[in-house]
Amino acid sequence: MISTGSPHVTKRQTSSRIPSLDGLRALSIGLVLFAHTSGTRFFPSFEVSRYKLGNLGVRVFFVISGFLITSLLLEELDATKRISLKWFYIRRALRIFPAAYAYIAVMCLCTAAGVIALNRGDLLHAVTYTVNYAKIRSFYIVHLWSLSVEEQFYFLWPAVLLLSGRRRGLQIAAAVMLAAPALRSLITLWIPKWTWTLGFSFHTNADVLAAGCVLAGIRPWLGTQPWYLRFLRSAWFLAVPAAVIVGSYFETSLVPAFYLKMQESSVPWNFPVMNIGIALIIDRCVRFPSDLVGRILNWRPIAFVGVLSYSTYLWQQVFLNRLSNSPACWFPINLMLTAGAALASYYLIEKPCLDLRKRIERAWAPAKRTAGKAAGPA
C-alpha cells in the first residue's frame with residue numbers, strides 16, 4: 001500500500017552508515033573533473049580518453065545511486081511492509097532542489113547580464129529535470145542531463161518497488177539490465193533519428209541504475225555465500241576492475257551525438273560488464289571498509305571530497321570550459337574556483353537544507369529522521 005505516514009525505523013537503521021560510498025563518490029567526481037579539465041588552458045588535452053573517463057565517473061555515480069536508494073527503500077519495506085512515497089519525495093526535494101535551483105538561478109542572472117547565453121528552452125528543461133530529452137542544450141546547462149536521469153529514476157523507482165513488491169521489483173530491475181542494451185542497439189541500427197538520445201536519455205541509461213538496484217536486493221544473499229566472499233578477498237577480484245577499465249576503453253556510445261561516428265568501434269558486451277563490475281566493486285568496498293582500499297576511501301579528506309561531489313558536479317561546468325579564454329577557465333585557477341564554488345554551495349545551501357530536512361523529519365516524521373545517514377547526504 002502507498003503510505004503517507006511515518007513508518008517505524010529499526011535501531012540498526014538509525015545508527016548505521018554505509019561506509020566507502022563517499023570515497024567512491026570522490027573517485028567518480030575525480031574522473032569527471034579530469035575529463036572536463038582536459039584541454040583547458042595550461043592542462044594537457046586527452047581528447048580520446050577524457051570522454052571515456054568522464055562517462056565512467058558518471059556511470060559509477062549512477063550505480064551508487066541505484067544501490068543506495070534501493071537499500072534505503074528495501075530497509076523501509078522490510079521493516080514496515082510499505083514505502084512512504086510522500087516522505088521519500090520530500091527528502092529528495094530537500095536534498096536535490098535547493099543547490100540545483102541556485103545554480104540555475106545564477107546562470108539565468110548571468111544570461112540577463114550578458115555574461116553567458118542560454119538557448120531557448122534551457123530554463124524550462126533545467127527546472128523540470130528534462131535536460132536529457134532536450135536535443136539542443138547550451139554549455140552551461142548540458143551537464144544537468146545526468147541529474148535529470150537521476151531525478152527521473154527517483155520519481156519512478158520507489159513507486160515501481162512499492163507496487164510490485166521486493167521480489168518482482170528486483171526482477172523488473174534485472175529485466176531492465178537486459179532490455180536497455182537491446183534498446184540501444186535497436187536505436188542505433190533501426191531508428192537513426194533517435195541516436196541523439198543515446199547516452200543522455202533515461203531509457204538508454206536505465207540499466208546502469210538497475211545494476212545498483214539489483215545489487216542492493218541480492219546483497220544480503222550474497223553475504224551468505226562463502227564462495228562469493230572468498231572471491232571478493234582473492235587476487236582473482238583484480239579481474240573485475242580490469243574488466244571495467246577495458247570496458248571503458250571501448251565505451252563510445254555514451255558520448256555526445258556528434259561523436260556517434262565512433263559507435264562503429266563499440267562492442268556490445270562492454271556496458272553490461274562495466275555495470276556488473278562497478279556493482280561488485282561497490283559491494284566489496286562496502287563490505288570490507290577496513291582493508292587498504294577501504295581505509296583510503298574512508299580517509300576523511302577523501303570522504304569529504306565525496307560529500308562535496310554534488311555541489312562540485314553542479315559548478316564545475318562554469319570553470320572547466322576548454323573553449324573559453326577567460327582566466328577563470330585556466331588550469332589550475334579553474335579547479336580552485338570550482339572548489340570554492342562547491343564549498344560555498346555546500347555550506348550555504350546544501351548543509352542548511354540537510355539540517356532543515358532533519359528538523360522536519362524529527363517534527364513530522366520521527367521514524368524517517370535519519371534516512372540520509374545511511375551514506376551521508378543521500
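Thresholds, definitions, all that
Residues numbered from 1 in each chain as written. Predicted model: local features only at pLDDT ≥ 70, side-chain atom pairs only at ≥ 80, totals over all residues. Heavy atoms only, no water. Helix = DSSP H or I, 4+ residues; strand = E, 2+ residues; numbered from the N terminus. Buried < 20%, exposed > 50% of the residue type's maximum accessible area, 1.4 Å probe, protein only. Contact = heavy atoms within 4.5 Å. Areas by Shrake-Rupley, 256 points an atom, 1.4 Å probe, with all protein chains shown as cover. Salt bridge = Lys/Arg side-chain N within 4 Å of Asp/Glu carboxyl O. Core = buried A, V, L, I, M, F, W, Y, C linked by side-chain atoms within 4.5 Å. pLDDT = per-residue confidence, 0-100. Phe/Tyr/Trp six-rings, centres within 6.5 Å; stacked < 30°, edge-to-face > 60°. Patch = residues over 30% accessible without salt bridge, like charges linked within 9 Å, V, L, I, M, F, W, Y side chains within 5 Å.

Points about the overall build of the chain
Alright, step 1. In terms of helices and strands, the chain carries 15 helices and 2 strands.
Alright, step 2. Going through the 378 residues of the chain one by one, you find that 52% of them count as buried.
Alright, step 3. Once local pairs closer than 6 in sequence are excluded, the contacts in the chain between residues at least 24 apart make up 73%.
Alright, step 4. Carbon and sulfur atoms make up 70% of the accessible area of the chain, which amounts to about 17600 Å² in all.

A look at the pattern of salt bridges
Alright, step 1. Scanning the model with the defined rule gives 9 salt bridges in all.
Alright, step 2. A salt bridge links D355 to K351, with the shortest nitrogen-to-oxygen separation between them at 3.6 Å. You can see D355 and its partner K351 sitting in helix α15 (residues 333-364), 4 residues apart, about one turn around the helix.
Alright, step 3. Residue D355 is classed as partly exposed on the basis of its relative accessible area of 27%.
Alright, step 4. Salt bridges here are not isolated pairs; linked through shared partners, they connect R219, D283 and R287.

Examining the nonpolar core
Alright, step 1. Grouped together as the largest cluster of nonpolar side chains are 82 residues, with contacts concentrated most on L144, L147, I282 and L314.
Alright, step 2. The biggest single contributor to this core is helix α3 (residues 49-80), with 14 residues.
Alright, step 3. What I282 contacts, discounting residues up to four positions off in sequence, is L21, L24, V63, I64, F67 and L215.

Brief notes about the confidence of the model for the chain
Alright, step 1. When pLDDT is averaged along the chain, the result is 87; 86% of the residues meet or exceed 70.
Alright, step 2. Contacts of residues 1-15 to residues separated by more than four positions or lying in other chains number 41 contacts, the stretch itself having pLDDT below 50.
Alright, step 3. Predicted confidence for residues 253-267 stays below pLDDT 50, and this span has 32 contacts to residues more than four positions away or in other chains.

Some details on the environment of I245
Alright, step 1. Counting through the fold element by element, I245 comes out in helix α10 (residues 239-249).
Alright, step 2. In the structure, I245 is positioned 29 residues away from M274 in sequence and 8.0 Å away in space, judged by C-alpha atoms.

Thoughts on the packing of aromatic side chains
Alright, step 1. Going through the model one piece at a time under the given rule, you end up with 17 aromatic pairs.
Alright, step 2. When the centroid spacing of 4.8 Å and the interplanar angle of 65° are considered together, the rings of F43 and F331 count as edge-to-face. Of the two residues, F43 sits in the loop between α2 (21-37) and α3 while F331 sits in the loop between α14 (309-319) and α15, which places them 288 residues apart along the sequence.
Alright, step 3. What makes F331 partly exposed here is its relative accessible area of 26%.
Alright, step 4. Summarising the aromatic geometry, the rings of Y346 and Y347 are spaced 5.0 Å apart at their centres and angled 80° between planes, so their arrangement reads as edge-to-face.
Alright, step 5. Given the relative accessible area of 44%, Y347 is considered partly exposed.
Alright, step 6. What links up through ring pairs into an aromatic cluster is the set F34, F43 and F331.

A few points about unusual backbone geometry
In most cases, non-glycine residues show a negative phi, while peptide bonds are predominantly trans.
Alright, step 1. The residue after F331, namely P332, is reached through a cis peptide bond having omega 0°.
Alright, step 2. As for its placement among the helices and strands, P332 is situated in the loop between α14 and α15.
Alright, step 3. One non-glycine residue, S20, adopts positive backbone phi at about 80°.
Alright, step 4. Looking at the secondary structure, you find S20 in the loop between α1 (11-15) and α2.
Alright, step 5. Of note, K81 is a non-glycine position whose phi angle comes to about 65°, a positive value.
Alright, step 6. Considering the arrangement of structural elements, one finds K81 in the loop between α3 and β2 (83-84).

Digging into a nonpolar patch on the surface
Alright, step 1. Among the surface-exposed residues, F155, L156, V160 and I172 lie close enough to one another that they form a single nonpolar patch of about 340 Å² accessible area.
Alright, step 2. Positionally, F155 belongs in helix α7 (residues 144-190).

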